[in-house]
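Listed below are the residues making up each chain.
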Amino acid sequence: MVYQYIERTAIPAWGPQQSDSLIAAGTVAGAMDATFSNSSELEIFRLASDDASAALQPIAKTQADARFQRLAWSATSADHPLGVLAGGLENGDITLWDPARIIAASENDAEQPSPVLHSSSAHTGAVGGLEFNPFQPNLMASGASNGEVFIWDIVSEFKSYSPGARSQRIESVTDLSWNNQVQHILATASNSGSLVVWDLRSRREVIALTSPGAIGAGASARAAISACVWNPASATQLVTASSDDNNPLIMLWDLRNANAPSQTFSGHQRGILSLSWCRKDAGLLLSSGKDNRTVCWNPLTAEIVGELPPSSNWVYDVQWNQSNPNLLSGASFDGRINLYSLAREADSIESSVAVSDDPFAPQSTSAFAPSLSLKRPPKWLARPCGAVFGFGGQLVRFSQASASMVSIDELVSEPELAQQAQQLEQLLQDDRAAEVCRERLEQSKGSDQERSWQVLQILFESDARDKLIRFLGFDKEEVKKRIAELIASRKAAEAENEMRAAVEEETAKEPVAEPETAEPADIDNPFSGSVSADADAEDFFSKPIEPSTPNMTADSTAATVGSTAPPSVIESAAEADIRTLRVAFSGAFHLYDKAKDIASEDADGLITRAVLLGDIEAAVELCIEKELFADALILATCGSAELASRAQQAYFAKRAKQASYVRLLHSIVTNDLTDVVSNGDLGEWDEILALLCTYAQGDRFSALCELLGRRLEQSGELNNAVLCYLASGNLDKVAAIWAANESTCVGQERVRKLHSLMEKVSV
C-alpha cells in the first residue's frame, strides 16, 4: 500500500487537483535532520505515474522565513488555478504562496514574480492551527499562543479580524477546524483541555467543551486537546484527540448534549497527535500518535477498521487527500512522508523502517509494510447515482442522497406519442384491439402502413380467412356466378341444337308435294264448303297425326310435346340430368356380344365380363391401362378405399403434366398442400395463400403460411412475407422485418416509426 514516499521531516498538504496529484511539504518545526541545518523550505512534489522505488524529488521549491507548524492548501480559483498555499510558522508569521509561481520559477530561468502573495506577523507566538474555509476559499482561520484566533480574507488586502472577545478557556490554540455543514462555525482546540465553538456571523463564543480530567485532579490536570475535526456528514458532531500518554483517547462530541462525549475511542497506547476525517466517507477517520501507529476508525461504531504500517518514530501528521480520497499521507519524525493508495492491492516498495535505539519503542517485525484492508469498500467507490429508462417514457433513478428511495419519473419528449401510447394501453386493457386497428387504418390511408393495418384488422374478424381471400383479390361469389353463366350458356346451346335437329328431322319426313289435279267437287258431301270457327284446330286436324312410339313415357311426352320452353328453363339442373339419364338408358340393349369368345373380346367386352363376375379391381386396372380414367374412378367407388386411392393416384400420375389444376387437385385430395407452398411460383403467392385459407386445416395453416413467408423473405419480397407471417401468427418474424425496415429512419421520424411498430406488435 506504501507505493511512494518523500525523504523529508516536513508538514505535508495535499493539492486541490484530482487528476494531477500534487503535495506540498514545509520543513517541520521542532526537529533536526542529519545536516543540522536550520533552514526552512517549501517544496512541491508530483506523484509518479509508475511504481518508482526511489524517493520522490521536488518539482519546485522556495525558501521560508521560519519552519512550519501548519501548512494548508486552498481550493482553486480564477486568479489562482492551483490554489494558494498558506504556512503557519513557528515565529508566528502567516505567509501565503502561489504554487503556480513556485513551479513556474523552477521550470523557467527567466525573472518571475515573487511567489509570496502576503505575509503577516499578527500572531505573537507559534501558529498552532491553520485551515481554509471549505465553502469560501478566500477565508482562512489561524490560531496561535495566548488564545489568538484570526479570520483572514486573502482577497481583500489580506485583512484579518477576531471571531469575538478572547475566550478565557483558551491558553494556546493547538488546532482548529471549520464546520463542514455551516460555513460560519469554527472550532478551536487548546492545550488547556478545552474546545471553543465560535459563531463568526454573530462574532461570539457559542459553546465550550472541556475534556474530562483524571479523577481527583483539578482543572490544571486536564489533558491538552491536540487535534479536532468536524464530522463531514453532521453539523453538530466533532471529535477531539488527547496527547496525554496516560489517557490517549479520541472523544466524539454531539453538541446537542455537550455535557460529556457521546463516544470514546480507545486504541492508541500513547498520546494522539493528529486526526483526519474523510469528507467523502464519514465512516472513515484516521488518527496517528506517539505510539508510531496510524489507525483507521469507524466513528459510527468506535471500532478499528484498519491500520497503516507502523513507523519507527512518532507519526505527527496524517491526512486524507480530500480531492482524491484514494490517497493519504503519514508524516513521522523518522524523516519520511509515506504516501498510500487504497486502490493498490499490495506494496511494491520495501518499507525502510529503521531499528530504534529506544528499547521500549515498538519494533517492525516485517521488512514489508502490511496493507490496509478495510472491512467494507469506501463510499466514494459506490455508484453515486443510477438511472434506467422504461417503456412509456419512464425513468427509474436513485442517488446516494436518498439511498433508500427509488424515484420513478415520467419524461415526455413527444406529448402526441405519449397520448397515443396511453390510449393504446387503455384500449388493449379493455380488449378493444379491433378498434385500434380501425382507427390506425383510417389514419394511415394512402401511406405504406395502410396494408399492415388492413391485415391486422382482418385477423380480428370471425371469418378472417374468407376476408383475407377477398383482400387478396379473389371473390368466391364472382367465380360461382361466372361458372353458372358458363354452364347455362352451354346448356342453352345444346337445347337449341336439339330443337334444330328435331325440326330438320321433321322436315325430312314430310312427303314431296305432288302437283295438284283438279278433282270434281263432291256435291254429295254435306261439309263441303263449310268454314270452321277455329282455323288453328282445323289446320291441326287437316294434317296426319303420327301415333306415339311405345317406348315414350307419359312424362316424356308431356315434357316434349306439351311445352315449347327448353328444359333448363322449367327444370333444375339436377332434374334435367336425371331426365337426360332416363332418356339415355331407355330402350333395349345388349350386355356384350356373345358371338365373340373371350380370346377375341375387346376392352369393352372384357370390362363388362369382369364387372359381371364381380372382379372390380381387374376392371379398374384395365380402365387405367386404356386411360379410361373416368370409368376407372366410377368403378373404383364400387370397390375398396384402397382401390379408389390407387385409381386416383394413377389418374394424377398420368394427368399431372397435362393440366395445372390436376397437381393442385392432388394436393387438395391428399390434404397435403406442402407441394403447392414449396414449389409454387412465388409470382402467384397470393393464389397460394388463398388456397391455404380455403383448404388448410388447424395447425397446418400456420405452418404452411410461415413456410410461404420464409420463401418470400428469402427472395426479398418482405412486404408480402409480412402478410404471410401475420396470417401464421409468427410475431417474432413480423417484428424483425418491421424493425429492419424502420432502422434506416433517423430523428423524429425514427421515433414515430418505432412507436408505430410497438403499436402493431402490441395489437
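Model, not experiment: these values are computed from the prediction.

### Focus on the overall build of the protein chain
Link 1 in the chain: Secondary structure assignment for the protein chain yields 21 helices and 31 strands.
Link 2 in the chain: Per-residue burial for the protein chain yields a buried fraction of 39% across its 763 residues.
Link 3 in the chain: Counting contacts in the protein chain only where the partners sit at least 6 residues apart, residues at least 24 apart contribute 48% of the total.
Link 4 in the chain: Carbon and sulfur atoms make up 52% of the accessible area of the protein chain, which totals about 43200 Å².

### Notes on the pattern of salt bridges
Link 1 in the chain: By the definition in use, this model includes 14 salt bridges.
Link 2 in the chain: Between Arg8 and Glu43 there is a salt bridge, with its nearest N and O atoms 2.7 Å apart. Taken together, the residues span a long stretch of sequence, with Arg8 in the loop between strand E1 (2-6) and strand E2 (10-14) and Glu43 in strand E4 (residues 41-46) at a distance of 35 residues.
Link 3 in the chain: On the accessibility criterion, Arg8 (26% relative accessible area) is partly exposed.
Link 4 in the chain: A salt bridge links Glu41 to Lys61; its shortest N-O distance comes to 3.9 Å. Note that Glu41 is positioned in strand E4 and Lys61 in strand E5 (residues 60-63), a separation of 20 residues in sequence.
Link 5 in the chain: Given a relative accessible area of 48%, Lys61 falls into the partly exposed group.
Link 6 in the chain: Connected via shared salt-bridge partners are Asp291, Arg293 and Glu307.

### Considering the packing of helix H17 (residues 685-695) against helix H18 (residues 699-714)
Link 1 in the chain: The geometry of H17 relative to H18 is characterised by a closest axis approach of 10 Å and an angle of 170 degrees between their N-to-C directions. On the basis of the axis angle, H17 is roughly antiparallel to H18. Within the contact between the two elements, H17 uses Trp685, Ile688, Leu689, Leu692 and Cys693 and H18 uses Phe701, Leu704, Cys705, Leu708 and Leu712.
Link 2 in the chain: A breakdown of the residues in the contact of H17 with H18 according to their chemical character gives 10 nonpolar, no polar and no charged.

### Comments concerning helix H19 (residues 718-728)
Link 1 in the chain: In terms of burial, H19 is largely enclosed, as nine of its 11 residues are buried.
Link 2 in the chain: All of the buried residues along H19 are Asn720, Ala721, Val722, Leu723, Cys724, Tyr725, Leu726, Ala727 and Ser728.
Link 3 in the chain: One or two positions beyond H19, positive phi appears at Gly729, with a value near 85 degrees.

### With respect to the packing of aromatic side chains
Link 1 in the chain: Under the definition given, this model contains seven aromatic pairs.
Link 2 in the chain: Measuring from ring centre to ring centre gives 6.0 Å for Phe150 and Trp152, while their planes differ by 75 degrees; the resulting arrangement is edge-to-face.
Link 3 in the chain: The buried category is assigned to Phe150, whose relative accessible area is 18%.
Link 4 in the chain: What makes Trp152 buried here is its relative accessible area of 2%.
Link 5 in the chain: Consider the rings of Tyr316 and Phe333, whose centres lie 4.4 Å apart with planes at 35 degrees: the pair is tilted. Placement of the pair is Tyr316 in strand E26 (residues 315-320) and Phe333 in the loop between strand E27 (327-332) and strand E28 (336-341), with a sequence separation of 17 residues.
Link 6 in the chain: Classification of Tyr316 as buried rests on a relative accessible area of 10%.
Link 7 in the chain: By way of ring pairs, the aromatic residues Phe150, Trp152 and Phe158 are connected into one cluster.
Link 8 in the chain: The aromatic ring of Tyr5 is capped on one face by Arg336, whose charged end is 3.7 Å from the ring centroid.

### A short note on the packing of H18 against H19
Link 1 in the chain: The interhelical angle for the contact between H18 and H19, taken along N-to-C directions, is 165 degrees, at an axis separation of 8 Å. By the angle between their directions, the pair H18 and H19 is classed as roughly antiparallel. As for how H18 packs across H19, the hand of that crossing is left-handed. Where H18 approaches H19, its residues Phe701, Ser702, Cys705, Glu706, Leu708, Gly709, Arg710, Leu712 and Glu713 are matched on the opposing element by Leu718, Asn720, Ala721, Cys724, Tyr725, Ala727 and Ser728.
Link 2 in the chain: Its residues assigned to classes, the contact of H18 with H19 shows nine nonpolar, four polar and three charged.

### Topic: the nonpolar core
Link 1 in the chain: Counting residues in each nonpolar core, the largest one holds 34 residues, and the members touching the most others are Leu42, Phe68, Leu71 and Leu85.
Link 2 in the chain: Formed by 31 residues, the second largest nonpolar core is a distinct cluster that contains Leu691, Phe701, Cys724 and Tyr725.

### A closer look at the sheet that holds strand E21 (residues 263-266)
Link 1 in the chain: The antiparallel open sheet is built from four strands, whose spatial order is E18-E19-E20-E21. Whereas interior strands pair on both sides, the edge strands pair on one side only; in this sheet they are strand E18 (225-230) and E21. The mean inter-strand angle of the sheet, taken between neighbouring strand axes irrespective of direction, is 20 degrees.
Link 2 in the chain: Two strands pair when backbone bridges link them, and strand E19 (residues 237-242) and strand E20 (residues 249-254) are joined in this way by five bridges, in the antiparallel orientation. Each bridged residue has a counterpart across the sheet, and for Ala241 the counterpart in E20 is Ile250.

### As for the confidence of the model for the protein chain
Link 1 in the chain: Averaged over every residue, the pLDDT of the protein chain is 77; residues scoring 70 or more account for 69%.
Link 2 in the chain: Of the regions scoring below 50 in pLDDT, residues 530-534 engages in one contact with residues more than four places distant in sequence or in other chains.
Link 3 in the chain: For the stretch residues 545-570, pLDDT sits under 50, and the model shows nine contacts to residues farther than four places along the chain or on other chains.

### So, the sheet that holds strand E14 (residues 173-178)
Link 1 in the chain: The four strands lie next to each other as E14-E15-E16-E17, forming an open sheet whose pairing is antiparallel. The open sheet terminates on both sides in strands that have one partner only, identified here as E14 and strand E17 (204-210). This sheet shows a mean twist of 20 degrees between the axes of neighbouring strands, independent of strand direction.
Link 2 in the chain: Sheet topology note: the E14/strand E15 (residues 185-190) ladder contains five bridges and is antiparallel. Of the residues in E15, the one forming a bridge with Val173 is Ser190.

### Quick word on the environment of Asp93
Link 1 in the chain: Structurally, Asp93 is set in the loop between strand E7 (85-89) and strand E8 (94-97).
Link 2 in the chain: C-alpha separation for the pair Asp93 and Ala122, spaced 29 residues apart in sequence, amounts to 7.0 Å.
Link 3 in the chain: The residues touching Asp93, leaving out its near neighbours within four places in the chain, are Gly87, Gly88, Ser120, Ser121 and Val127.
Link 4 in the chain: Looking at Asp93, its side chain comes within polar contact range of the side chain of Ser121, at 2.7 Å.

### Digging into helix H12 (residues 616-625)
Link 1 in the chain: Among all positions of H12, only Ile616, Ala619, Val620, Cys623 and Ile624 are buried. The arc that holds every buried residue of H12, seen down its axis, measures 135 degrees, which confines them to one face.

### Some remarks on the environment of Leu42
Link 1 in the chain: Looking at where Leu42 falls in the secondary structure, it is placed in strand E4.
Link 2 in the chain: Each C-alpha atom of the pair Leu42 and Pro12 lies 9.7 Å from the other, and the pair is 30 residues apart in sequence.
Link 3 in the chain: When near neighbours in sequence (up to four residues on either side) are disregarded, Leu42 contacts Ala24, Ala25, Gly26, Ala60, Lys61, Thr62, Phe68, Leu71, Leu85, Trp97 and Ile102.

About the cut-offs
- Residues numbered from 1 in each chain as written.
- Predicted model: local features only at pLDDT ≥ 70, side-chain atom pairs only at ≥ 80, totals over all residues.
- Heavy atoms only, no water.
- Helix = DSSP H or I, 4+ residues; strand = E, 2+ residues; numbered from the N terminus.
- Buried < 20%, exposed > 50% of the residue type's maximum accessible area, 1.4 Å probe, protein only.
- Contact = heavy atoms within 4.5 Å.
- Areas by Shrake-Rupley, 256 points an atom, 1.4 Å probe, with all protein chains shown as cover.
- Salt bridge = Lys/Arg side-chain N within 4 Å of Asp/Glu carboxyl O.
- Axes fitted to C-alpha atoms, helices over the stretch in contact; angles between N-to-C directions.
- Parallel < 35°, antiparallel > 145°, perpendicular 65-115°, else oblique.
- Nonpolar A, V, L, I, M, F, W, Y, C, P; charged D, E, K, R; others polar.
- Phe/Tyr/Trp six-rings, centres within 6.5 Å; stacked < 30°, edge-to-face > 60°.
- Lys NZ or Arg CZ within 6 Å of the ring centre and 35° of its normal.
- Left-handed = near helix turned anticlockwise from the far one by under 90°.
- Core = buried A, V, L, I, M, F, W, Y, C linked by side-chain atoms within 4.5 Å.
- Pairing = 2+ DSSP bridges.
- pLDDT = per-residue confidence, 0-100.
- Polar contact = N/O pair within 3.5 Å; in protein donor to acceptor, adjacent residues only side chain to side chain.
- Arc of directions from axis to C-beta.

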